[in-house]
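# Overview (structure and organization)
Chain by chain, the residues:
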Amino acid sequence: MIPIKPIRSDDKPATAKPDPVEAASAFLKPGTISLTALPPLSLYVHFPWCVKKCPYCDFNSHEATGGFPEAEYLAALRTDLENALPLIWGRKIYTIFIGGGTPSLMSAAGLDRLLSDIRTLLPLDGAAEITMEANPGTFEAEKFKSYRASGINRLSIGIQSFNSQHLHALGRIHDGDEARRAVDIAHANFDNFNLDLMYALPSQTLDEAHKDVQTAIGFAPPHLSLYHLTLEPNTYFAKYPPVIPDDDASAEMQDMIQDETSAAGYRHYEVSAYAQPKRQARHNLNYWQFGDYLGIGAGAHSKLSFPHRVIRQARYKQPKAYMDHMQSGNAIQEEVEIPRGELGFEFMLNALRLTEGFEVNQFAERTGLPLSMIDATLTQAEAKGLLYQDHKIIKPTELGQRFLNDLQQMFLSD
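### A short note on a negative patch on the surface
On the surface, D246, D247, D248, E252, D255 and D259 cluster together to form a negatively charged patch. Here D247 is to be found in helix α9 (residues 247-263). Residue classification places D247 among the exposed positions, given a relative accessible area of 68%.

The following block contains the structure:
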């Protein structure tokens, strides 16, 4: 077992710079599992600033009051990536996701510098999917042309709603007209993009949710993400909860979404994801299939596999703390090996989100464990009508999708 590194309480950078090669060597020692091959590898880059913190948001985002230190942060990202290279020597990157926060606050030159640094340091697959999150309140046509020229080939646009009243209730900085304009700009510059929408919004009716979904589908986006508004802990909405639709009304909205997306040719392939044929989000699919990802930037998380172990890392969350620690050579706040007994649950927690489930042999390929370790739980879940399994595939039933949390919890080890 590789222990968790102690979390510093004073947020001051350590004075001694760690040796990245020495740290990577420790992960190659014998362990409790055996992987015959490593899974696909993705890169996640976190941009921690936004114009305004939304009341429902529990992401690591910070209001960019008076601007943000773009050059300093980009330098820290490069150093972060350089330090991580020994952990991923020889591995190709298949997808990149630049998330936040609001990455579209970055200047065109800043984004170009970031992608240039990534290409310099990492071998990218020739067909790599490179996604950037963008919010309508930051859309500028010329800047997005530059983003496309720099190598971004997919956008994920945080629309949330096309209804100005609901956008105001959500604390968004854009209105319905700006949301529509943002999609028009995306259409003009990108042939692959996603629209994020939320439903069960404060005081939202079924008809209003229906209109939002119809408007989104009318733009023919290759991909749709449709999220139920949740009142997350440590958010403004958790402290001052708005009036939101009850469970019955929310269920009606979910049924409507299923009907409308299906009729328009979208396949519901993950809990909140709907895609046109062959337009699934490849980066997110890698998460759900228990692939690997290196996360760089403030608060970014990594999941990395080695022949005999799987580790997780987390960077310092506060941008200043992250940059300060990065100057000393190490911004990793936590590092832990996933215990053998928890790997099965971690795999199922992700893979069961996919409506088509996973191929039977993928469990052993990604965890280094025999499927027999979870045979008893699979049988119990099947007996309850929550799971379907045969010699090729394991997937949640419609009942299992409806009670997904209960199904996932069954695989949590004692």
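### So, the pattern of salt bridges
Taken as a whole and judged by the stated rule, the model has 11 salt bridges. As a salt-bridge pair, E82 and R78 come within 3.1 Å of each other at their nearest N and O atoms. With E82 and R78 both in helix α2 (residues 70-84) and four residues apart, the pair spans about one turn of that helix. Note that D292 is salt-bridged to R91, the shortest N-O span being 3.0 Å. Here the residue D292 occupies a position in strand β11 (residues 292-296), and R91 occupies one in the loop between α2 and β4 (93-100), the gap between them amounting to 201 residues. Taken individually, D292 and R91 each receive the classification buried, so the pair is uniform in this respect. Connected through shared salt-bridge partners, R78, E82 and D117 make up one network.

### A word on the packing of α2 against helix α3 (residues 108-121)
At a minimum axis distance of 10 Å, the contact between α2 and α3 shows a crossing angle of 10 degrees. One way to sum up the angle between α2 and α3 is to call them roughly parallel. The interaxial crossing formed by α2 with α3 has right-handed handedness. Contacts from E70, A71, L74, A75, L77, R78, L81 and E82 in α2 reach G110, R113, L114, D117, I118, T120 and L121 in α3.

### Overview of the packing of aromatic side chains
Applying the stated rule across the entire model yields 16 aromatic pairs. Centre to centre, the rings of W49 and Y73 are 5.0 Å apart; their planes meet at 75 degrees, and the pair counts as edge-to-face. Of the two residues, W49 sits in strand β2 (residues 49-50) while Y73 sits in helix α2, which places them 24 residues apart along the sequence. Exposure class is identical for W49 and Y73. Each is buried. Measuring from centroid to centroid gives 4.9 Å for Y236 and Y240, while their planes differ by 45 degrees, and the two rings are tilted. Since its relative accessible area comes to 46%, Y240 is described here as partly exposed. Each residue in the set F47, W49, F68, Y73 and Y322 is aromatic and connected to the rest through ring pairs, giving one cluster. The positively charged end of K303 is found above the aromatic ring belonging to F290, 3.9 Å away from the centroid.

### Focus: the packing of helix α12 (residues 340-351) against helix α13 (residues 360-367)
Helices that pack against each other are described as a pair by the angle of their axes relative to one another and the distance between those axes. Where α12 contacts α13, the axes come no closer than 10 Å and their chain directions differ by 130 degrees. On the basis of their axis angle, the class for α12 and α13 is oblique. For α12 against α13, the interelement crossing comes out right-handed. On α13, the residues touching L343, G344 and F347 of α12 are Q362, F363, R366 and T367. Residues of the contact of α12 with α13, tallied by class, amount to three nonpolar, three polar and one charged.

### Re the side chain of S250
Within the secondary structure, S250 is located in helix α9. We classify S250 as buried; its relative accessible area is 4%. Those residues in contact with S250 that sit more than four places away from it in its chain are Y199, A200, H228 and P245.

What counts, and where the lines are drawn
Residues numbered from 1 in each chain as written. Predicted model: local features only at pLDDT ≥ 70, side-chain atom pairs only at ≥ 80, totals over all residues. Heavy atoms only, no water. Patch = residues over 30% accessible without salt bridge, like charges linked within 9 Å, V, L, I, M, F, W, Y side chains within 5 Å. Areas by Shrake-Rupley, 256 points an atom, 1.4 Å probe, with all protein chains shown as cover. Salt bridge = Lys/Arg side-chain N within 4 Å of Asp/Glu carboxyl O. Lys, Arg positive; Asp, Glu negative; His and termini not counted. Charge placed at Lys NZ, Arg CZ, Asp CG, Glu CD. Helix = DSSP H or I, 4+ residues; strand = E, 2+ residues; numbered from the N terminus. Buried < 20%, exposed > 50% of the residue type's maximum accessible area, 1.4 Å probe, protein only. Axes fitted to C-alpha atoms, helices over the stretch in contact; angles between N-to-C directions. Parallel < 35°, antiparallel > 145°, perpendicular 65-115°, else oblique. Left-handed = near helix turned anticlockwise from the far one by under 90°. Contact = heavy atoms within 4.5 Å. Phe/Tyr/Trp six-rings, centres within 6.5 Å; stacked < 30°, edge-to-face > 60°. Lys NZ or Arg CZ within 6 Å of the ring centre and 35° of its normal. Nonpolar A, V, L, I, M, F, W, Y, C, P; charged D, E, K, R; others polar.

In short, the description is geometric, and any link to function would need to be established separately.
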